[in-house]
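Examination of the molecular architecture
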Amino acid sequence: MYQNSLEYAQKCDAQDPLGKFRESFLFPKDPMGNPLIYFCGNSLGLQPKKTSEYLQQELKDWAELGVEGHTDAQHPWMPYHEFLTRAMAQIVGAKNNEVVIMNGLTANLHLMMVSFYQPTASRYKILIEKDAFPSDKYAVESQLKFHGYDPEEGLLFWEPQKGQELCHFEDLEKMLEVEGESIALILLGNTNYYTGQYYPIKKITVLGHQYGCKVGFDLAHGVGNILPNLHENGPDFAVWCTYKYLNSGPGSLGGIFVHERHAHNAKLKRFAGWWGHNKQTRFNMRHEFEVIPGAEGWQLSNPPILSMAAIRASLDLFEAAGMENLRKKSIQLTGFLEFLLDELNDERITVITPKNPEERGCQLSIQVKNTNKGLHQKLSQVGVISDWREPDVIRVAPTPLYNTFEEVYEFVSRLKSILNS
Ligand SMILES: *Cc1c(COP(=O)(O)O)cnc(C)c1O
């Protein structure tokens with residue numbers, strides 16, 4: 001099906017209905033002014049050309065209206081987060097009342113654990129994947145300590161079998177058989193930032209719920225990449241950031257999903273703030289806290305509008321492209337990358353990401369035997385922006401919104417020359 005030639009890659013680009021979206025982004029360039037091959041959308045997405053326009057509008061409204069902008073800006077600041085809801089909900093497959101954009105990712109993870117990690121004497125453990133992202137691990141460890149538990153004992157790891165890189169669902173089942181009744185929360189990064197493995201959300205959620213555990217996902221590497229279908233798949237909560245695949249700018253806000261089944265549970269413990277209070281009476285300033293039903297009820301502060309404007313600029317592109325179309329292209333684009341890597345026929349190279357497209361997003365994690373960081377530097381010198389993980393893995397993430405088949409072809413041919421030099 002795929003062919004190993006530049007002409008083939010160019011033909012795929014010419015036929016790609018999403019190809020035009022590349023034009024909507026700004027690309028870092030080499031000193032000669034040629035765009036670099038940017039495969040780091042899993043770390044920091046590129047800037048949409050429209051972002052500065054969206055920001056300028058808010059700066060203008062602020063300059064001309066001052067505080068009145070809260071109600072009179074072109075996009076009034078008071079309900080600003082609501083302008084992001086529909087597109088965000090579509091991207092993660094949720095109902096509108098199940099998502100809200102707020103805070104940073106790790107802060108959101110803590111807020112979700114305040115509500116969904118409720119340890120008891122017999123059920124207090126947290127299960128994460130062995131190679132969880134460091135921030136997530138620090139967050140769960142500190143939650144365990146906060147509740148008086150020793151992470152050494154309270155933290156369980158779903159890990160790959162000896163000598164392997166990927167986690168198997170069957171091993172999770174076995175762990176739950178033994179430990180299920182003692183686990184309060186299962187929290188998994190999805191997709192895994194290191195291996196690119198996409199864990200089956202529904203199967204894991206059903207399994208966890210069967211044993212009475214709460215189930216949450218960190219979609220930092222999943223949002224805008226895979227189709228998590230959160231409402232249907234049913235986890236209790238999810239968190240994510242918007243600066244990776246969602247292209248909203250460095251350090252931009254995160255998002256949360258809280259499943260509708262928890263929307264009206266006012267008894268659920270939470271840390272509250274005025275932005276989670278009933279919108280009608282928020283400014284009376286005197287009322288007892290009256291929580292907004294659904295995800296909005298977890299908001300704390302009035303949000304940074306400039307950051308939200310950048311998110312709007314990006315989400316407008318996602319809405320225009322359609323997440324299902326993006327996923328479809330992504331499977332082809334990453335499949336092409338895998339095909340070309342296979343064609344290299346170089347026994348030093350192993351792709352540790354799963355082969356099955358249903359078990360991965362756009363990223364491939366390429367292990368290169370007997371290499372060091374010098375390989376990554378050489379790639380940079382030939383105009384490829386990728387990501388290096390010690391000891392020997394290059395992570396490359398061709399994103400369907402702005403990368404091309406030709407770039408994938410070029411990347412592999414540059415990698416080949418480096419390996420053969
Ligand atoms: C990127 C990423 C983070 C980053 O957390 P911030 O709070 O946004 O700094 C956390 N967890 C995972 C899994 C990530 O991929």
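What you see is a predicted model, and the numbers here were worked out from it, not measured in a lab. (Residues numbered from 1 in each chain as written. Predicted model: local features only at pLDDT ≥ 70, side-chain atom pairs only at ≥ 80, totals over all residues. Heavy atoms only, no water.)

Each helix and strand in the protein chain was counted, giving 14 helices and 15 strands. A compact globule built from 421 residues should have a C-alpha radius of gyration of about 22 Å, and the protein chain, at 22 Å, falls within 12% of that. Projected onto its principal axes, the C-alpha coordinates of the protein chain cover approximately 70 × 60 × 35 Å. Residues counted as buried form 56% of the 421 residues belonging to the protein chain. (Helix = DSSP H or I, 4+ residues; strand = E, 2+ residues; numbered from the N terminus. Rg over C-alpha atoms; globule rule 2.2 N^0.38 Å. Buried < 20%, exposed > 50% of the residue type's maximum accessible area, 1.4 Å probe, protein only.)

Another point: the domain arrangement of the protein chain. Assigned domains of the protein chain: these are domain 1 (6-42 + 323-419) and domain 2 (56-319). Each of domain 1 and domain 2 was reduced to a C-alpha centroid, and the two centroids are 29 Å apart. The interface of domain 1 with domain 2 comprises 29 residues on the first partner and 20 residues on the second. Surface buried jointly by domain 1 and domain 2 totals about 2100 Å² across both partners, of which 61% is contributed by carbon and sulfur atoms. For the domain 1 face of the interface with domain 2, the top three residues by lost area are Asn42, Met323 and Ile352, together amounting to 28%. (Domains from an automatic or database assignment. Contact = heavy atoms within 4.5 Å. Buried area = accessible area lost by both parts, 1.4 Å probe.)

Neighbouring the ligand are Leu105, Thr106, Phe133, Asp136, Asp218, Ala220, His221, Tyr243 and Lys244. Between an oxygen atom of the ligand and a side-chain N or O atom of His221, the distance comes to 3.2 Å. Look at the ligand: alone it shows 390 Å² of surface, and the protein chains cover 81% of it. Residue composition of the shell around the ligand, grouped by class: four nonpolar, two polar and three charged. (Near = heavy atom within 4 Å. Polar contact = N/O pair within 3.5 Å; in protein donor to acceptor, adjacent residues only side chain to side chain. Areas by Shrake-Rupley, 256 points an atom, 1.4 Å probe, with all protein chains shown as cover. Nonpolar A, V, L, I, M, F, W, Y, C, P; charged D, E, K, R; others polar.)

In the structure shown here, the tally under the stated rule is 18 aromatic pairs. Measuring from ring centre to ring centre gives 5.4 Å for Tyr80 and Phe83, while their planes differ by 75°; the resulting arrangement is edge-to-face. Each ring, one from Phe336 and one from Phe405, has its centre 5.9 Å from the other, and the planes form 50°; the classification is tilted. With Phe336 in helix 12 (residues 323-344) and Phe405 in helix 14 (residues 405-420), the pair connects residues that are 69 residues apart, well separated along the chain. Take Phe336: its relative accessible area is 0%, and that puts it in the buried class. (Phe/Tyr/Trp six-rings, centres within 6.5 Å; stacked < 30°, edge-to-face > 60°.)

With that out of the way, let us pick up helix 8 (residues 169-179). Buried residues of helix 8: Phe169, Asp171, Leu172 and Leu176, and no others. Projected down its long axis, helix 8 shows its buried positions confined to an angular sector of 155°, all on one face. Exposed and oriented more than 90 degrees from the buried face of helix 8 are Lys174, Glu177 and Val178. Of the surrounding elements, those touching the buried residues of helix 8 are strand 5 (125-129), strand 6 (155-158), strand 7 (183-189) and helix 9 (201-210). (Arc of directions from axis to C-beta.)

Overall, antiparallel pairing links the four strands, which are arranged 11-12-15-14 in an open sheet. Both edges of this open sheet fall to strand 11 (349-351) and strand 14 (387-389), since each of them pairs with a single strand only. When the angles between neighbouring strand axes are averaged without regard to direction, this sheet yields 30°. The pairing of strand 11 with strand 12 (residues 364-368) spans three bridges and is classified as antiparallel. Note that in strand 12 the partner of Val351 across the bridge is Ile366. Contacts between helix 12 and the sheet are confined to strand 11, strand 12 and strand 15 (393-396), with strand 12 contributing the most and set at about 15° to the helix. (Pairing = 2+ DSSP bridges. Axes fitted to C-alpha atoms, helices over the stretch in contact; angles between N-to-C directions.)

Should the charged atoms of two oppositely charged side chains come close, the side chains can pair. Under the counting rule described, the total for this entry stands at 21 salt bridges. Here Arg86 makes a salt bridge to Glu319, at a shortest N to O gap of 2.9 Å. Note that Arg86 is positioned in helix 4 (residues 82-92) and Glu319 in helix 11 (residues 305-321), a separation of 233 residues in sequence. Given the relative accessible area of 49%, Arg86 is considered partly exposed. Judged by its relative accessible area of 30%, Glu319 is partly exposed. (Salt bridge = Lys/Arg side-chain N within 4 Å of Asp/Glu carboxyl O.)

Along helix 1 (residues 6-15), the residues classified as buried are Tyr8, Ala9, Cys12 and Asp13. The arc enclosing the buried residues of helix 1, seen along the axis, measures out at 140°, which places them on a common side. Turned more than 90 degrees away from the buried face of helix 1, the exposed residues are Glu7, Ala14 and Gln15. In this structure, the buried residues of helix 1 make contact with helix 12 and helix 14.

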